[in-house]
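Structure assessment
These are the residues of each chain, in order.
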Amino acid sequence: MSIFAADALKGKTFLVTGASSGLGKATAIMIAECGGQVLVSGRNESRLTACIEAMKGTNHIALPFDLSNADEVADWVKSIAKKYGALSGIFHSAGLGLVLPARMMKQSHLESLLQSSLFAAFGIARAASSKGVITDGGSIVFMSSVIGSRGQLGMTAYSAVKSGIDGMVRSLACELAPRKIRANSILAGAVETEMIAEWRAISDKAAVAELEGRHLLGFGKPEDVANTVLFLLSDASQWITGTNLVIDGGYMVR
């Protein structure tokens, strides 16, 4: 449940990618609770429909799309703004997780990770740089991970992709600053999503306990991240840009 006022985002429209599950879905639901209109995107249309059914209000729209090509993503976001009006903000949550040692990493694995997260992010950045896509004073939030800043066995490629997101954000903030459009990323620790549930199922209890123990406050909940995204999308964060904001329950201080 959101801690923000029910009308905090009233009259504003947001695009949320990866809204079919996890952090994207939790954030879309929370934006709706605060009065915003949400355009939800993901690859699974039935899951997007379920997301909309869980949201407050009736003005939300499902926009299934494959985010693997930066040029196509840029054109798609521009077409959304042309049809529905300039966006107040975008939360790019879509992306894949992959735990695989570097010695087993193939080109296909790298392409999948890059396409879903970094290529899509660049497409969104390119579209946001065009007038009429994001309102002046708007906000873009990119989902990243603490793994982009900390080493972890089996996450070499995933770490590289998230580091790319964080670096992109810093320079994008400079480019969008003349229009007061903010760009930030969220470095999340382990959050209780479908991805963590799948990892639990294939991991022994000792490994799960060890990872949770590295988070001073334990694993996070989707709402923990969603509340932070809402803060960054709202006018409350109007003096924050180019930041890689850590939301990790204390993981990075160990």
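Residues numbered from 1 in each chain as written. Predicted model: local features only at pLDDT ≥ 70, side-chain atom pairs only at ≥ 80, totals over all residues. Heavy atoms only, no water.

Quick notes on a nonpolar patch on the surface
Taken together, Leu216, Leu217 and Val253 make up a surface patch of nonpolar side chains, about 360 Å² in accessible area. Structurally, the position occupied by Leu217 is in the loop between helix H7 (205–213) and helix H8 (222–233). (Patch = residues over 30% accessible without salt bridge, like charges linked within 9 Å, V, L, I, M, F, W, Y side chains within 5 Å. Areas by Shrake-Rupley, 256 points an atom, 1.4 Å probe, with all protein chains shown as cover. Salt bridge = Lys/Arg side-chain N within 4 Å of Asp/Glu carboxyl O. Helix = DSSP H or I, 4+ residues; strand = E, 2+ residues; numbered from the N terminus.)

A closer look at helix H3 (residues 70–84)
With 15 residues, H3 extends 21 Å between its outermost C-alpha atoms, agreeing within 8% with the 21 Å of an ideal straight helix rising 1.5 Å per residue. Along H3, the positions that sit buried rather than exposed are Val73, Ala74, Trp76, Val77, Ile80 and Ala81. End-on, the buried residues of H3 take up no more than an arc of 165°, which puts them together on one face. Set apart from the buried face of H3 by more than 90 degrees, the exposed residues are Lys82 and Lys83. Residues of H3 that are buried make contact with strand S1 (13–17), strand S2 (37–41), strand S4 (87–92) and helix H4 (107–128). With a side-chain oxygen positioned 3.0 Å from the backbone nitrogen of Asp71, the residue opening H3 is Asn69. (Expected span 1.5 Å × (residues − 1). Buried < 20%, exposed > 50% of the residue type's maximum accessible area, 1.4 Å probe, protein only. Arc of directions from axis to C-beta. Contact = heavy atoms within 4.5 Å. Polar contact = N/O pair within 3.5 Å; in protein donor to acceptor, adjacent residues only side chain to side chain.)

Quick look at the packing of helix H1 (residues 22–33) against H8
Relative orientation of the contacting elements H1 and H8 amounts to 55°, with a least axis distance of 9 Å. Between H1 and H8, the angle falls in the class oblique. Classified by chirality, the crossing of H8 by H1 is right-handed. Residue-level contacts link Leu23, Ala26, Thr27, Met30 and Ile31 of H1 to Pro222, Glu223, Val225, Ala226, Asn227, Val229, Leu230 and Leu233 of H8. Taken together, the residues that form the contact of H1 with H8 break down as ten nonpolar, two polar and one charged. (Axes fitted to C-alpha atoms, helices over the stretch in contact; angles between N-to-C directions. Parallel < 35°, antiparallel > 145°, perpendicular 65-115°, else oblique. Left-handed = near helix turned anticlockwise from the far one by under 90°. Nonpolar A, V, L, I, M, F, W, Y, C, P; charged D, E, K, R; others polar.)

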